[in-house]
Amino acid sequence: MKANDFSDLKAEFDAFVREKCDSGSCETPTEENDPDNEPVPSFVDELSDKLLAPYHSGVYFSRLDIKRVAEAIDESIPIKERKKMIKALFRHTTSKAYLRSAFDEFNRHFGGRILIYQELSEAFPSSKVFFDENIDKIKKTQKMLDQIVMDFEEIEPTDEPMMI
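Heads up: these notes are all about the structure in this document. (Residues numbered from 1 in each chain as written. Predicted model: local features only at pLDDT ≥ 70, side-chain atom pairs only at ≥ 80, totals over all residues. Heavy atoms only, no water.)

This brings us to a nonpolar patch on the surface. There is a patch of nonpolar side chains on the surface, built from F13, F16 and V17 and spanning about 300 Å² of accessible area. Relative to the assigned elements, F16 resides in helix 1 (residues 3–22). The partly exposed category is assigned to F16, whose relative accessible area is 49%. (Patch = residues over 30% accessible without salt bridge, like charges linked within 9 Å, V, L, I, M, F, W, Y side chains within 5 Å. Areas by Shrake-Rupley, 256 points an atom, 1.4 Å probe, with all protein chains shown as cover. Salt bridge = Lys/Arg side-chain N within 4 Å of Asp/Glu carboxyl O. Helix = DSSP H or I, 4+ residues; strand = E, 2+ residues; numbered from the N terminus. Buried < 20%, exposed > 50% of the residue type's maximum accessible area, 1.4 Å probe, protein only.)

Structure representation (structure tokens):
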């Protein structure tokens, strides 16, 4: 192919795009319609920072782990970036019962990881210090989750948002 052929093709494509968009049928995705940009409760950003960082929580939650938590509480969320999945999971939280069920499911995952860490610390005694440190982080994270539930104020659908 000649270089001239590519420029002709590009000009033809640009003309097609201009015609298509001038007729009004050209739709570009906007950030307004993006469900990932919907507002979330104030605790979600801090929660995702603490929960998703193994440095803080002692556990790495994969996308699949978050998906399993969602399915266990009868939620359906798409597999995306982990932080977006956490936001999608807690986006419409209005009751303590929902929050408690989600955090109970996370606690089940924490319990499984504690068992794994204990088993590994028995198998590798010289690394026990590191596993114990992660277990302590898990317990602190579990206390944080309990505190979030205790501090959460339920919102009724009929409540006036400005009066809360």
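Time to look at the pattern of salt bridges. All chains considered together, the criterion is met by 10 salt bridges. Its salt-bridge partner being D65, residue R113 comes within 2.9 Å of it at the nearest N-O pair. A residue pair is termed long-range when its members are at least 10 positions apart, and R113 in helix 6 (residues 96–123) and D65 in helix 4 (residues 63–72) qualify at 48 residues. For R113, a relative accessible area of 19% translates into the label buried. By relative accessible area, D65 is classed as buried at 7%.

This next bit is on the packing of helix 2 (residues 43–52) against helix 5 (residues 82–90). The geometry of helix 2 relative to helix 5 is characterised by a closest axis approach of 10 Å and an angle of 135° between their N-to-C directions. Taken together, helix 2 and helix 5 sit at an angle that is classed as oblique. Helix 2 and helix 5 meet at a crossing whose hand is right-handed. Contact with helix 2, carried on its side by F43, V44, D45, L47, S48, D49, L51 and L52, involves R82, K83, I86, K87 and F90 of helix 5 and no other residues of that element. For the contact of helix 2 with helix 5, the class distribution of residues is seven nonpolar, one polar and five charged. (Axes fitted to C-alpha atoms, helices over the stretch in contact; angles between N-to-C directions. Parallel < 35°, antiparallel > 145°, perpendicular 65-115°, else oblique. Left-handed = near helix turned anticlockwise from the far one by under 90°. Contact = heavy atoms within 4.5 Å. Nonpolar A, V, L, I, M, F, W, Y, C, P; charged D, E, K, R; others polar.)

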